[in-house]
Amino acid sequence: MIWKLIRRNVAGKPFRFLLTCSAVTAGVMFVVGIFVFTDGLRETFSELAGDIEGNVDLAVRTEVDFGGDFDRPIIEVEVADTLREVPGVLAVQPRVIELGNVTVLDGDDDPQQGSGPNIGFNWEADTPNPRLFLQLGRAPSAPNEFAFEQKSFEDGNFELGGFYTIEAPGGVYDDVELVGTFNFASEDGAAAAGAKLASFELDWALEIINQGTGYNDITLVLEDGVDPLEVTRDIRAAIGPGLEVVTGQALQDEQAEQFDEFIGVFQTILLVFAFIILIVSAFVIFNVFSILIGQRIRELGLLRAIGATGRQVITALIGEAFLVGVFAMVVGTALGIGFGWTLRWLLQQFDFGPQGNELVLKPATFIWGAVIGILVTLASAIAPALRARHISPMAALREDARLSRRVPALNLPLGIVVTLVSWVLVVLAVSTAEWDVIIPLGLIAAFANTFGLRRVNTVVGQYATLAFGVVLLAVAVFADLDVVALLSLLGVAAITLFLGVNSISPALARPVSNFLGRWPLAILLGIGGVITTIIGGVAVLGSIALIGLSLVDVITDFDLAGVFGFFAAFIPLAASLALLSVGIRAVDAAFIMGWSWQKVVTGLAIFIVGAIGAVMALVGLAALLTGDWGQVVLLAIGGAIFAVAWWLRRFVPSAMKSNARMARENAGRSPRRTASAAAALMIGLALVSTATVVASSFKATFADILESSVTSDWFISPTNQQNPTSGFSTELADGLRGLPETDSVLSYQFSLEAYRTEFDGLVRDSSATSLGASLEHIDPDVIESDESLNGRNAIWVHEDFANDNSFEIGSQFSILFNDGFSEVVTVAAIFTDSSIYGNRIVDLELWADHFTTGIDQFVSVTVVDGVEVEQARTAIETVTDAYSQVNVDTRDEFQDRQEGQIDQILIVFNVLLLVAIVIALLGIAITLALSVFERTRELGLVRAVGMTSQQMLRMVLFEGAIIAVFGGVLGVALGTVFGSAAVVVIPDSFIRVLDVPVVSLLQYLAIASVAGIAAAIIPARRAARLNVLDAISQG
Amino acid sequence: MTQATVTTGPAARAVGAKKYYGEGDTEVRALDDVDVEFERGKFTAIMGPSGSGKSTLMHCQAGLDTLTGGQVFIGDTDLSALSERDLTLLRRDSVGFVFQAFNLVPTLSALENITLPMDLAGVTPDQEWLDEVITTVGLADRTNHRPNELSGGQQQRVAVSRALASRPEIIFADEPTGNLDSTTGTEILAFMKQAVDNLGQTIVMVTHDPLAAAYADRVIFLADGKVVDELLDPDVEQVLDQMKKLR
Ligand SMILES: Nc1ncnc2c1ncn2[C@@H]1O[C@H](COP(=O)(O)OP(=O)(O)OP(=O)(O)O)[C@@H](O)[C@H]1O
Ligand SMILES: [Mg+2]
């Protein structure tokens, strides 16, 4: 019986059912898509690992104590000869490789910037089972020859037999002949993944990459039938200490592990966003179910009146939720598989990852789809369903039956105990200082605290969650723990605050929407609408041009792809037309809310007239002052015009239309609904604002550092900064030193795993520069120093590092480098600003003895007094022009560049959050559609007494905008708090200046208001098209 | 005393009005060639058995619904010639409505409900007239209440005030007292009668109640979509007799 009811409900209102499903479906789709995408990526990568390192038996390399492949010391050249003597060894292939700093310029001197790194390595002539597959020409066999990877060859302006310029750590080499092309790791070239691979004859590679000092590693192929263990033993005996022998399998595993790590990081980031998406979808689902049940109170009351038990009512509702979940699971999973596959395909077009797109479907993917689809839906539907149990049979008879929220019964002892337990939990969690304890315990404590306090006192209970969140936030800001613990505490505080604000936001909805629904919304809509209209208009023109171009293309060169392209060109047109119409609607709404066309037009006209009058009067006055009496007429007329305009000002009409007021009232009428419709958007915008505040503070910190501690005039940095090892040859700095215009030139190198401090055995990050000269460029706030100690074995340390280890000027300790040598260093200065160098700086001379890369990561320059900016630039560029991969910046340019990079990261972050925001908007759309549905009779009534369908449309649009801005205001406010707290928590070496970007945050609100209009368009159309007669006779 | 705008001719009329639902065997003639005139400044009641076409006539006459054939006029305006938008504007400016129930917008206060059509039109209500209407209806102390804080009778009075406030050509009321007890119903009827007699308003009311019909200046009887009879200055007895004949 109950199931029949459920079926009827679903089948009878298919539109409503689909609406309900859409939010979960979208959530499932994204999560499943992420799994399909990353699993596919992992599959192709793990095959690749086998291709790359699968065909050697053994490898010899230096043994390192810490750190990875980036700075493994090199092997002496002679080792290769020793290995050739070992019995059982068939082939010995020494390898030289540079990951990132070997650049080939093509015929247009274009540095071939792609998505992949610029890699240089030696041609492997000695390997019987090759991993380089020659495609065209021949292998490089002498100095000044190179072979290039096939796809890069095709992409750039290259010609076999041509001469090109190559930049390498050893310097810039002109006139290098391109003798051949090859594919890497597999015959078909799938593995390059956008990397630019250049290969050289071994000895020349040794020279230009490692400056002749040695190989990176040596691989061996063994004769058939020999025991690798025995050979390994013989090799060990032959090569002596400091070197290690590993199997080809081990190399392959390491490679696979590296790939895995990369994909893992990627997957984690994506899953964090998926998690956010899910929370947002859960909010939407919860809201939708609450509304649906609210709408059906009379029906449910009738069921109860004719004898259905509370349990049966719940079963009916949960059953419906279950159907929604199943639908979402099936459709969402199917869409998700398509989505993941498309994403992979799309990124491949940009050379992201190796070619090849297996569709890898693991059981976990489907399990997640099911868990999310069904469990999230059921979990979100349970609370509203449980409330429905209390619907009385009388509800069927009442006109305005409302679902009341049950307040838990007070139970003082229980409440006090649970509350106390929650506090103890927090103290315990914080005292462990472990993030994986703080997060779960903190959340449990938050729930316990709310549960407890609600049983102590109803009013207190309402604010319990919020207050708890505030306390956690305060603890995070003021406590002295390590950063990870503090940030996780902050995360818990954020979740708690979301819940807290959510539980009190119904109380806020009425007053806030009452306030916002007037001029603030009009201003936001006006600004956002004008911007959207302009963007939409430009986009429309652009897409029309695109259609024109593709039409020309079809006419001149008819083929199927062209025809397809022509039709595809209409998609952007449709999208930009939609954008334009949203923009126009928003502007329209703004006028109706606060401004009105008459007001603006007459106001503007009066303003212009007044301004002309004022200008005339001023000109007259000026002439008068110079003694030109003839201008007195001008002054009089101008003054009169101005006066009239001033007086006319009062007649500028002001209008506040009733539909705007009704929209505001509607938003305030069911505050709980407005609040929960807005909640999803609140979360999305809170995260966006948090990121914005952090990014902006990061920029402000950077500007502050540049302002207060940096005195250099010019900055030379590598164009590609994603790669920690990227830089340029040390020859560049040497060249700059030779210029008469430069006063001093300082080079910087840096490593995250530079050396071990032997007194505690920890691996340390460190910078290196020429200490003696560095103060002329950058002052890390040195508080104590002894300049006479500066020299090869000097070290500058941060105050904290010094205090922790009781170092003072003149203290000595030894550090162990990865090449196995240790050095004793002497503290020559103590500084307090760790934001530039980190905590330790050693001298570049010492550094160069242990790191053989020959790559500077950064160079700063001061110029001789009296040299003009452009003069200096010309001079510096005579040196740097030889290097395609460097930026030469003045202070301002450097700051702009760094800010640009931070902005880019922010954009990527916001794009990822966009999905969550879109789902949140979907939630607003659903809420409005349902409430239009619910208010049919009322809407019919106002239409009957004379509201035009245009006015009706606008009314619902306003309501969408009000809901969106309500959520936006809460979100931006919370985000600002979170962002500021994060800035405080993040160590000063990263961010030390708090900067709240008010303009950006207001922009977000303007965008939110316009997005609210966009979300409301479909429900508003439905409302506007209601048949008046049907509407009033319904019910 | 302010009078509704007086022009010559009936406030509203239907000429050969037809409204058919369905086709063939299932065709229902809700209005079958109805000719009727509603005199200006008069209180007209429409009566007839259930399903006789009373509501349909009213809806079509008021511009809420369109005819299958024939014409309806408000004043001199032929509604069949108007666009949907113009019909809406006509309703807003020239027609008032009172329904059986659910007359008011729940989010708006009583006063806001009363001025709603004028708000929608963007015109400022005539304050004096508004005060007069509100005082006459006896709602002066209730204007800031929301509908759910008012009794059913009070809600209907607000609805009547709304219809009166913009001084429309004509007010249509579909069983305005259908949901009320007899005392409250009587109050509303007396009030409407007063509006006609004292304020010169034209009102057309659909009702099943002979007592209610007795308040009207004229009763029109419908049966099977046709006007079958009419009474002038009716009393309860006459109406009852007539109704019995129609059954
Ligand atoms: N939308 C419709 N579709 C089909 N038939 C309709 C429709 N609306 C009304 N009818 C029919 O038209 C006829 C007249 O209906 P109407 O509502 O005008 O009657 P009424 O006189 O107002 O009755 P009551 O006193 O019960 O309100 C009825 O037979 C009804 O079934
Ligand atoms: Mg009827």
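See the structure above.
Residues numbered from 1 in each chain as written. Chains lettered and ligands numbered in written order. Predicted model: local features only at pLDDT ≥ 70, side-chain atom pairs only at ≥ 80, totals over all residues. Heavy atoms only, no water.

Colleague: Before we go on, may I ask you to explain the overall build of chain A in this structure?
Modeller: Within chain A one finds 31 helices and 24 strands. A separation threshold of at least 6 residues defines the contact pool for chain A, and within that pool the share at least 24 residues apart is 81%. Surface summary for chain A: the accessible area is close to 45,200 Å², and the carbon and sulfur share equals 64%. (Helix = DSSP H or I, 4+ residues; strand = E, 2+ residues; numbered from the N terminus. Contact = heavy atoms within 4.5 Å. Areas by Shrake-Rupley, 256 points an atom, 1.4 Å probe, with all protein chains shown as cover.)

Colleague: Looking at this structure, I do not really get the layout of surface pockets. What am I missing?
Modeller: Empty space among the atoms can be located by rolling a probe the size of a water molecule over them. Residues and elements named next belong to chain A. Counted as a void, the second largest pocket has a volume near 1,200 Å³. Together, 37 residues line the second largest pocket, and Leu914, Ile917, Leu921, Ile1007 and Ala1011 are the ones closest to its centre. At the level of secondary structure, the elements contributing two or more residues to the lining of the second largest pocket comprise helix H2 (14–53), helix H15 (519–556), helix H17 (570–595), helix H21 (671–709), helix H27 (891–934) and helix H30 (998–1024). Here the lining of the second largest pocket gets 12 residues from one element, more than from any other, and that element is H27. Taken together, the residues that form the lining of the second largest pocket break down as 32 nonpolar, 5 polar and no charged. (1 Å grid on protein atoms, 1.4 Å probe; cavity = no way out; pocket = protein on both sides within 12 Å on 5 of 7 lines; lining within 4 Å. Points joined across faces, edges and corners; volume = space filled by probe spheres on them. Nonpolar A, V, L, I, M, F, W, Y, C, P; charged D, E, K, R; others polar.)

Colleague: Help me understand the site of ligand 1, please; the structure alone is not making it clear to me.
Modeller: Residue and element names in this part refer to chain B. Near ligand 1, the surroundings consist of 13 residues, among which Ser50, Lys54, Ser55, Thr56 and His208 are the closest. Take Gly53: an N or O atom from its main chain is 3.0 Å from an oxygen atom of ligand 1. His208 is positioned such that a nitrogen or oxygen atom in its side chain is 2.7 Å from an oxygen atom of ligand 1. When isolated, ligand 1 has an accessible area of 640 Å², and the protein chains bury 59% of it. Of all the elements in the fold, those that place two or more residues in the shell around ligand 1 are strand E2 (28–38) and helix H1 (54–61). (Near = heavy atom within 4 Å. Polar contact = N/O pair within 3.5 Å; in protein donor to acceptor, adjacent residues only side chain to side chain.)

Colleague: Would you mind going over the sheet that holds strand E8 (residues 203–206) of chain B with me for this structure?
Modeller: Strands belonging to one sheet form pairs held by backbone hydrogen bonds; the direction of such a pair is parallel or antiparallel. Residue and element names in this part refer to chain B. An order of E6-E7-E8-E3-E9-E10 is seen for the 6 strands of this open sheet, with the pairing classed as mixed. Of all the strands in the sheet, just strand E6 (95–98) and strand E10 (226–232) have a single pairing partner and so form its edges. For this sheet, the mean angle separating the axes of adjacent strands, direction not counted, is 20°. Strands in contact with H1 are strand E3 (43–47), strand E7 (170–174), E8 and strand E9 (218–223); relative to E7, the strand with the most contacts, it is inclined by about 150°. Lying on the sheet, helix H2 (residues 84–94) is in contact with E6 and E7; it crosses E6 at an angle near 80°. (Pairing = 2+ DSSP bridges. Axes fitted to C-alpha atoms, helices over the stretch in contact; angles between N-to-C directions.)

Colleague: Would you mind going over unusual backbone geometry with me for this structure?
Modeller: Backbone phi values are negative for most residues with the exception of glycine, while trans is the configuration of most peptide bonds. With a phi close to 60°, Asp781(A) is a non-glycine residue in the positive phi region. Looking at where Asp781(A) falls in the secondary structure, it is placed in the loop between helix H23 (771–774) and strand E17 (782–785). Positive phi is not limited to glycine here, since Asp33(B) has a value of about 60°. What makes Asp33(B) partly exposed here is its relative accessible area of 42%. (Buried < 20%, exposed > 50% of the residue type's maximum accessible area, 1.4 Å probe, protein only.)

Colleague: Got a minute to help me understand the packing of aromatic side chains in this structure?
Modeller: Geometry of an aromatic ring pair is reported as the spacing of the ring centres plus the angle between the planes. Going through the model one piece at a time under the given rule, you end up with 26 aromatic pairs over all chains. Where Tyr173(A) meets Trp204(A), the ring centres are 5.5 Å apart and the plane angle is 75°; that geometry is what we call edge-to-face. Residue Tyr173(A) is located in strand E9 (residues 171–184), and its partner Trp204(A) is located in helix H5 (residues 202–210); the two are separated by 31 residues in the primary sequence. Residue classification places Trp204(A) among the buried residues on the basis of a relative accessible area of 4%. Between Phe807(A) and Phe813(A), the aromatic rings sit 4.6 Å apart at their centres with planes inclined by 10°, giving stacked as the arrangement. A single burial state applies to Phe807(A) and to Phe813(A), both of which are buried. Grouped by ring-pair contacts, the aromatic residues Phe702(A), Phe715(A), Tyr748(A), Tyr837(A), Phe858(A) and Phe894(A) constitute a single cluster. Seen from the ring of Trp129(B), Arg167(B) lies directly overhead, with NZ or CZ sitting 4.8 Å from the centre. (Phe/Tyr/Trp six-rings, centres within 6.5 Å; stacked < 30°, edge-to-face > 60°. Lys NZ or Arg CZ within 6 Å of the ring centre and 35° of its normal.)

Colleague: Help me understand a negative patch on the surface in this model?
Modeller: Residues and elements named next belong to chain A. Residues Glu43, Glu47, Asp51, Glu187 and Asp188 make up a contiguous surface patch of negative charge. The topology assignment puts Asp188 in the loop between E9 and strand E10 (196–200). Classification of Asp188 by relative accessible area gives exposed; the value is 60%. (Patch = residues over 30% accessible without salt bridge, like charges linked within 9 Å, V, L, I, M, F, W, Y side chains within 5 Å. Salt bridge = Lys/Arg side-chain N within 4 Å of Asp/Glu carboxyl O. Lys, Arg positive; Asp, Glu negative; His and termini not counted. Charge placed at Lys NZ, Arg CZ, Asp CG, Glu CD.)

Colleague: Where do I start with the sheet that holds strand E4 (residues 69–74) of chain B in this structure?
Modeller: Residue and element names in this part refer to chain B. Taking strand neighbours across the sheet as the criterion, the 4 strands line up as E2-E1-E4-E5 in an open arrangement whose pairing is antiparallel. The open sheet has two edge strands with one neighbour each: E2 and strand E5 (77–78). As paired elements, E4 and E5 share 2 bridges and run antiparallel to each other. The residue bridging Phe73 from the neighbouring strand is Asp78, located in E5.

Colleague: I keep staring at a nonpolar patch on the surface and nothing clicks. Help me out?
Modeller: All names here are of chain A. Together, Trp341, Trp345, Leu346, Leu359, Leu361 and Phe366 line one region of the surface with nonpolar side chains, adding up to about 560 Å² of accessible area. Examining the composition of the nonpolar patch, we find that 3 residues originate from one element, helix H9 (residues 310–349), more than from any other. As for its position among the elements, Leu359 is in the loop between H9 and helix H10 (363–388).

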